[in-house]
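# Understanding the architecture of this molecule
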Amino acid sequence: MCRKGELRLDGARVAPSARVEEGQDVRIPPLPEADRPAPPPDRPGRDDAAMIQAAVIWKDEHIIALNKPAGLPSQGGSGQGGRHVDGLAPALMFGYKDPPKLVHRLDKDTSGVLLLARTDRVARSLSEALRHRAVRKIYWAAVAGVPSPRAGTIRYGLVKMPGGPRGEEKMRCVHPAQIEATPGAKRAVTDYVTLEKAGGRLAWVALRPVTGRTHQLRAHLAELGHPILGDGKYGGHAQDNPGDGWGAGTGGALSRKLHLHARTLVFEHPVTKAMLTLTAPLPPHMAQSWAFLGWDEREAPADPFEDRG
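By the naming in an unreviewed UniProt entry, the protein chain is Ribosomal large subunit pseudouridine synthase C, taken from Rubellimicrobium thermophilum DSM 16684. The UniProt entry for the protein chain carries the following comment under Sequence similarities (unreviewed entry): "Belongs to the pseudouridine synthase RluA family."

Printed below as a string of structure tokens:
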């Protein structure tokens, strides 16, 4: 309801994190009557159902994990259209009476591991683990240039910029010394390690978001001067990069799609208490780029941050 703008606080759209204060006006759309059974979830079409089921990389009685395709939104909302993971969840019931529930999100153009809980209890437990940063996340990206130093920590804060003509979100980096003095700015921390490079033109970088801000990885890398390949929002719209003029890509040989992938999630199973490590293969456009550049995903360490704590 928040993402679709149906819930309003003092007449304005509201984020799920907002806290209501005394005297504020809350507008809630009509809700289903308590004694009226909820309508059955809409069943996705055959092709969509087959697509989302083929994306499953882990399934047990409590959790489903997907390798979310690039270009598929996690949820509906402003500008997202009607085809998204949340809307396709009825195809992932696998005998349960209710669809699984998203416990976190990935940007529309980011691929990789996405968790869904099959029960409310598991959803609460996983949400708590994510909130307390008990879930280890590792992303892979191809970036313009080669970061120097090859490994480090980015600590720029992030603040939301005014919306564009279509209301799209974009974040601006704020120097750590200016975060407290910048209204709306939030602390953001990203660890990175360079795994491989293609001369001085491109690098394969592993990323570990310590915090989970909107567009954090994309904005942080662009602020370093190494935007993610295919990132027109933060890296500029020029696909060609003559000389040292980095933009969003490196020419026609590589895909124009965003090269950002949620590679690995490591967390304690909320029911069995076993440690789970879920790894998603590269999406087709990134696998093609890796092959073109001679990079082999099998040679990468499972956790390049292990020695850094």
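### Some points on the sheet that holds strand E1 (residues 8–9)
Read from one edge to the other, the open sheet built from 3 strands follows the order E2-E1-E3, with strand pairing classed as antiparallel. Where the open sheet ends on each side, the last strands, each with one partner, are strand E2 (12–13) and strand E3 (26–27). Examined bridge by bridge, E1 and E2 share 2 bridges and lie antiparallel to one another. Counterpart to leucine 9 in the pairing with E2 is alanine 12.

### Observations regarding the packing of aromatic side chains
Here the structure, examined in full by the defined rule, presents 4 aromatic pairs. Where tryptophan 204 meets tryptophan 290, the ring centres are 5.5 Å apart and the plane angle is 65°; that geometry is what we call edge-to-face. With tryptophan 204 in strand E13 (residues 202–209) and tryptophan 290 in helix H6 (residues 284–293), the pair connects residues that are 86 residues apart, well separated along the chain. Tryptophan 204 sits in the buried class, given a relative accessible area of 3%. The interplanar angle of 85° and the centroid separation of 5.1 Å between the aromatic rings of tryptophan 290 and tryptophan 295 together place this pair among those described as edge-to-face. Per residue, the accessibility class of tryptophan 290 equals that of tryptophan 295, and both read buried. Through a chain of ring-to-ring contacts, the aromatic side chains of Trp140, Trp204, Trp290 and Trp295 assemble into a single cluster. Directly above the ring of tyrosine 96 sits arginine 118, whose terminal nitrogen or CZ lies 3.8 Å from the centroid.

### Description of the pattern of salt bridges
A side chain with one charge can pair with a side chain of the opposite charge if their charged atoms come near. Tallying each qualifying case throughout the model produces 11 salt bridges. Residues lysine 160 and glutamate 169 are paired through a salt bridge, measuring 3.6 Å at the closest nitrogen-oxygen approach. We classify glutamate 169 as partly exposed; its relative accessible area is 34%. The salt bridge involving aspartate 231 is made with arginine 218; its shortest N-O contact spans 2.9 Å. Of the two residues, aspartate 231 is situated in the loop between helix H4 (216–223) and helix H5 (232–235) and arginine 218 in helix H4; the sequence distance between them amounts to 13 residues. Of the two residues examined, aspartate 231 and arginine 218, each falls in the buried class. Taken together, the shared-partner salt bridges connect Asp107, Arg218 and Asp231 into one network.

### Remarks on the environment of serine 17
With respect to the secondary-structure elements, serine 17 resides in the loop between E2 and E3. Expressed as a C-alpha distance, the spacing of serine 17 and cysteine 2, which sit 15 residues apart in the sequence, is 9.9 Å.

### Section: the environment of histidine 175
Along the chain, the position of histidine 175 falls in the loop between strand E11 (171–174) and strand E12 (190–198). For histidine 175, a relative accessible area of 45% translates into the label partly exposed. For the pair formed by histidine 175 and arginine 187, sequence separation is 12 residues and the distance between their alpha carbons is 9.8 Å.

About the thresholds
- Residues numbered from 1 in each chain as written.
- Predicted model: local features only at pLDDT ≥ 70, side-chain atom pairs only at ≥ 80, totals over all residues.
- Heavy atoms only, no water.
- UniProt positions renumbered as here; feature names shortened; annotations may be inferred.
- Pairing = 2+ DSSP bridges.
- Helix = DSSP H or I, 4+ residues; strand = E, 2+ residues; numbered from the N terminus.
- Phe/Tyr/Trp six-rings, centres within 6.5 Å; stacked < 30°, edge-to-face > 60°.
- Buried < 20%, exposed > 50% of the residue type's maximum accessible area, 1.4 Å probe, protein only.
- Lys NZ or Arg CZ within 6 Å of the ring centre and 35° of its normal.
- Salt bridge = Lys/Arg side-chain N within 4 Å of Asp/Glu carboxyl O.

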